[in-house]
Amino acid sequence: MHAEDVRTMALEILLLGPPRVERDGVPIVVDTRKAIALLARLAVEPGVHARDSLATWLWPESDQQHARAALRRTLSTLAGALGEGRLAIDRAGLEFCHAADVRVDYAEFVAGVRHAREASPSEPAVAVLERCAALYRDDFLAGFSLRDSPEFDDWQLFQAETLRRDMCWVLERIAALQFARGSYTAAIDTARRWLTFDPLHEPAHRLLMQSYVEAGEHAAALNQYRQCVRLLEAELGVAPLAETTALYEAIRERRHTGPPSVLPQPAAPETAGTPAPLPYLRTLPMVGRATELNRLVQLHRRARRVGRLIVIEGEAGIGKTRLTEAFIEQARSAGSSVLYARCYDGEGDLSYGPLVELMRAGIALHPERDWHALLRPDDLTAVSRLLPELEPAQSRNSGEVDDGPGARSRFYAACARLIDALAGEADCAGVLVLEDLHWADDATLAFLSWLVHRLDARPLVLLLTWRAEETPPDHRARRMLAGAERDGRAEHFMLGRLSRADVAELVATVSGDVRLAERL
Ligand SMILES: Nc1ncnc2c1ncn2[C@@H]1O[C@H](COP(=O)(O)OP(=O)(O)OP(=O)(O)O)[C@@H](O)[C@H]1O
Ligand SMILES: [Mg+2]
């Protein structure tokens, strides 16, 4: 095809960034912002939309008659600007007509991400990922807003957040693949772009540090760590994860080898004869447990409709945490919010310790959110017993404590609503992980038992792990599980030892020596 044959699409609707609509390469002019908002909604959500619901969506402050009239006017402007046959309009509803000569960047991006997520790790959809990264000019409808429609604002924000998450995933995949190919300079650029989306994301910092090392920029790698420390301190008041600091120390002492620990491991290069160096900084690749992991992913998908309790049980060191981590990775890349906390030996008399840690993990996921605006004042007062930072200003120093009848269930309900707000915003089930429940305090266990009875109404997976030998038959956690199993809302995994073949695979990967694995 010659360049002059390449014709502009008849209609281009660009929503990933400041909105732009072009007809035969010429921007269309509509005299109201509502026309753009309407077009965005119709282009993003295929199918017929009822007139009344669109009218109240865009003109929430007008009565039905005026809102309908305003919608009629806006539609006629929009239909004229788009040209013949783009909108199917009748009395009841309207629909955008997607056709071969229409391009919507949003649709292309979403389809690309879906395709890339389904691609096999051995044949990653590199070109598709790169296309997605190029399509994303900026946040969804960046710089565009309506003054008088909060519902539109919510919708725009929801779309923007979902797309940002997808974009982070796209950049993470691209950076990992570039690193695996040895294109370290490209991996640096991608990781830096990734960090602009989520400056506090430690895996991105680590990948960038490792890419700098491989590109020979030792000082830049160390600087990156310092920047990560500063950002975490300023924004969250926390130190980096142990993994990030360990990486920094290894780089500083120049003992760093091995690929990034958090990203898909590249295939080992063929280095016949010389065993690969021990990748001491990297988590061992997961072996076996495919049945369990598949089942977990399946349960997570189903939990979109009805919440579920999942328990992973097994003896110490059997691999409960490893399996949980693998599941968390999958849930995150499906777009879930994952709240993680664990219980500690000797902290059984610290009431609600793990629950507090869980909620704080959730709050750290959304540093930009104003919880005072999102939660009811009563709920804030109740949960501020555990999280003083959430206490609403008007109840500060009031000294009032809710200890009337039903106080306990009001407190639980408030905690549950905070958890819903922390974990339940994506279009897939949120995940709460509490590890080592055999060490949990009674107050946390009592709250969890209450929550498990109310999972039906929430798109949540509550994943608990415990050691078999430390959880006696009459342990409260076991009674909670038994009850939930009777009601059909729980699933119990008893982890056994890895098979000989799995162990051999692990040994072979670690040592790089297949014969050693066979001998063992
Ligand atoms: N399927 C697996 N593939 C690779 N490594 C594994 C696997 N299962 C466990 N391991 C490794 O074995 C070690 C112990 O596993 P893990 O920490 O998951 O056990 P656990 O059951 O959580 O133990 P604990 O009861 O002490 O918490 C870890 O280093 C982990 O990475
Ligand atoms: Mg563990």
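Quick caveat, the model's predicted, so the values are computed rather than measured.

*Asks:* Just give me the short version of the overall build of the protein chain, but keep the residues and values in it.
*Replies:* For the protein chain, the helix and strand inventory stands at 20 helices and 12 strands. Expressed as a percentage of contacts within the protein chain between residues at least 6 apart in sequence, the contacts between residues at least 24 apart total 71%. On the protein chain, roughly 26400 Å² of surface is accessible, and the fraction owed to carbon and sulfur atoms is 51%.

*Asks:* So what about the sheet that holds strand 4 (residues 49-50)? Which residues, and what values?
*Replies:* What the three strands build is an open sheet, ordered 4-6-5; its pairing is antiparallel. Each having just a single partner strand, strand 4 and strand 5 (87-89) make up the two edges of the open sheet. When strand 4 meets strand 6 (residues 93-96), the two strands line up antiparallel, connected through two bridges. Note that in strand 6 the partner of A50 across the bridge is G93. The sheet contacts of helix 3 (residues 64-82) involve strand 5 and strand 6, and relative to strand 5 the element is tilted by about 145 degrees.

*Asks:* Can you lay out the site of ligand 1 for me, pointing to particular residues and giving the numbers?
*Replies:* Around ligand 1, 16 residues are found, and the nearest of them are V287, K320, T321, R322 and R467. Here an oxygen atom of ligand 1 sits 2.8 Å away from a polar atom, N or O, in the main chain of R322. Here the shell around ligand 1 gets three residues from one element, more than from any other, and that element is helix 12 (residues 320-333).

*Asks:* Outline the nonpolar core, listing residues and values.
*Replies:* Among the nonpolar cores identified, the biggest contains 78 residues, and I13, L15, F109 and F140 are the most heavily contacted of them. Of the residues forming this core, the biggest block, 13 residues, is contributed by helix 6 (residues 150-181). Inspection of this core shows a minimum of three residues originating in each of domain 1 (1-177) and domain 2 (182-262). I13 has contacts with R20, V21, L39, A43, F96, R103, V104 and D105, leaving out every residue within four places of it along the chain. In terms of nonpolar packing, the next biggest core, distinct from the first, is built from 52 residues, V356, L358, Y412 and A413 among them.

*Asks:* Any chance you could break down helix 8 (residues 202-214) for me, citing the residues and the numbers?
*Replies:* Over its 13 residues, helix 8 extends 18 Å from the first C-alpha to the last, a length consistent with the 18 Å expected when each residue adds 1.5 Å. Counting buried positions along helix 8 yields 12 of 13 residues, so the element is predominantly enclosed. Those residues of helix 8 not exposed but buried are E202, P203, A204, H205, R206, L207, L208, M209, Q210, S211, Y212 and V213. Of the surrounding elements, those touching the buried residues of helix 8 are helix 6, helix 7 (184-197), helix 9 (218-236) and helix 10 (242-252). The first or second residue beyond helix 8 is G216, which carries a positive phi of 85 degrees.

*Asks:* I'd love a proper account of the packing of helix 6 against helix 8, names of residues and values included.
*Replies:* The geometry of helix 6 relative to helix 8 is characterised by a closest axis approach of 11 Å and an angle of 25 degrees between their N-to-C directions. In terms of orientation, helix 6 lies roughly parallel with respect to helix 8. In the crossing of helix 6 with helix 8, the sense of the turn from one axis to the other is left-handed. Residues A175, A176 and F179 of helix 6 touch helix 8, and the partners they reach there are L207, Q210, S211 and E214. Classifying every residue of the contact of helix 6 with helix 8 by side-chain character gives four nonpolar, two polar and one charged.

*Asks:* Just give me the short version of the packing of helix 8 against helix 9, but keep the residues and values in it.
*Replies:* In contact at an axis separation of 7 Å, helix 8 and helix 9 are set at 165 degrees when each is read in the N-to-C sense. The orientation of helix 8 relative to helix 9 falls into the category roughly antiparallel. Classified by chirality, the crossing of helix 9 by helix 8 is right-handed. Contact with helix 8, carried on its side by E202, H205, L208, M209, Y212 and V213, involves H218, A220, A221, Q224, Y225, C228, L231 and L232 of helix 9 and no other residues of that element.

*Asks:* Break down the side chain of R489 for me, citing the residues and quoting the values.
*Replies:* In this fold, R489 is placed in the loop between helix 18 (476-486) and strand 12 (490-494). We classify R489 as buried; its relative accessible area is 12%. With sequence-adjacent residues up to four places away left out, R489 is seen in contact with G307, R308, L309, V452, H453, D456 and A484.

*Asks:* Could you give me a rundown of the packing of aromatic side chains, with the residues and numbers involved?
*Replies:* Taken as a whole, this structure holds 15 aromatic pairs when the rule is applied. Arranged with centres 5.5 Å apart and planes meeting at 55 degrees, the rings of Y412 and W450 form a pair that is tilted. Here W450 lies in helix 17 (residues 442-453) and Y412 lies in helix 16 (residues 407-423), a separation of 38 residues in the sequence. Both residues of the pair, Y412 and W450, count as buried. Centre to centre, the rings of F447 and W450 are 6.1 Å apart; their planes meet at 20 degrees, and the pair counts as stacked. Placement of the pair is F447 and W450 together in helix 17, with a separation of three residues, close to one helical turn.

*Asks:* Go over the pairing of strand 2 (residues 20-23) with me, naming the residues and quoting the values.
*Replies:* Note on strand geometry: in a regular strand, side chains alternate between the two faces of the sheet. Inspection of the sheet shows strand 1 (residues 11-14) paired to strand 2 by four bridges, in the antiparallel sense. The partner of I13 across the bridge, within strand 2, is V21. In this structure, the hairpin formed by strand 1 and strand 2 is closed by a connection of five residues, where G17 is found at a positive phi of approximately 135 degrees. Sheet analysis places strand 2 next to strand 3 (residues 26-27), joined by two bridges and oriented antiparallel. Residue pairing for strand 3: E22 is matched across the bridge by P27. Taking the residues between adjacent antiparallel strands as the criterion, strand 2 and strand 3 are bridged by two residues, where D24 takes a positive phi near 50 degrees.

*Asks:* Any details on unusual backbone geometry? Residues and values, ideally.
*Replies:* In this structure, R289 is a non-glycine residue whose phi angle is positive, near 60 degrees. Topologically, R289 is positioned in the loop between helix 10 and helix 11 (290-302). Residue R289 is classed as buried on the basis of its relative accessible area, which comes to 10%. In this structure, D436 takes a positive phi of about 60 degrees despite not being glycine.

Scoring rules and cut-offs
- Residues numbered from 1 in each chain as written.
- Chains lettered and ligands numbered in written order.
- Predicted model: local features only at pLDDT ≥ 70, side-chain atom pairs only at ≥ 80, totals over all residues.
- Heavy atoms only, no water.
- Helix = DSSP H or I, 4+ residues; strand = E, 2+ residues; numbered from the N terminus.
- Contact = heavy atoms within 4.5 Å.
- Areas by Shrake-Rupley, 256 points an atom, 1.4 Å probe, with all protein chains shown as cover.
- Pairing = 2+ DSSP bridges.
- Axes fitted to C-alpha atoms, helices over the stretch in contact; angles between N-to-C directions.
- Near = heavy atom within 4 Å.
- Polar contact = N/O pair within 3.5 Å; in protein donor to acceptor, adjacent residues only side chain to side chain.
- Core = buried A, V, L, I, M, F, W, Y, C linked by side-chain atoms within 4.5 Å.
- Buried < 20%, exposed > 50% of the residue type's maximum accessible area, 1.4 Å probe, protein only.
- Domains from an automatic or database assignment.
- Expected span 1.5 Å × (residues − 1).
- Parallel < 35°, antiparallel > 145°, perpendicular 65-115°, else oblique.
- Left-handed = near helix turned anticlockwise from the far one by under 90°.
- Nonpolar A, V, L, I, M, F, W, Y, C, P; charged D, E, K, R; others polar.
- Phe/Tyr/Trp six-rings, centres within 6.5 Å; stacked < 30°, edge-to-face > 60°.

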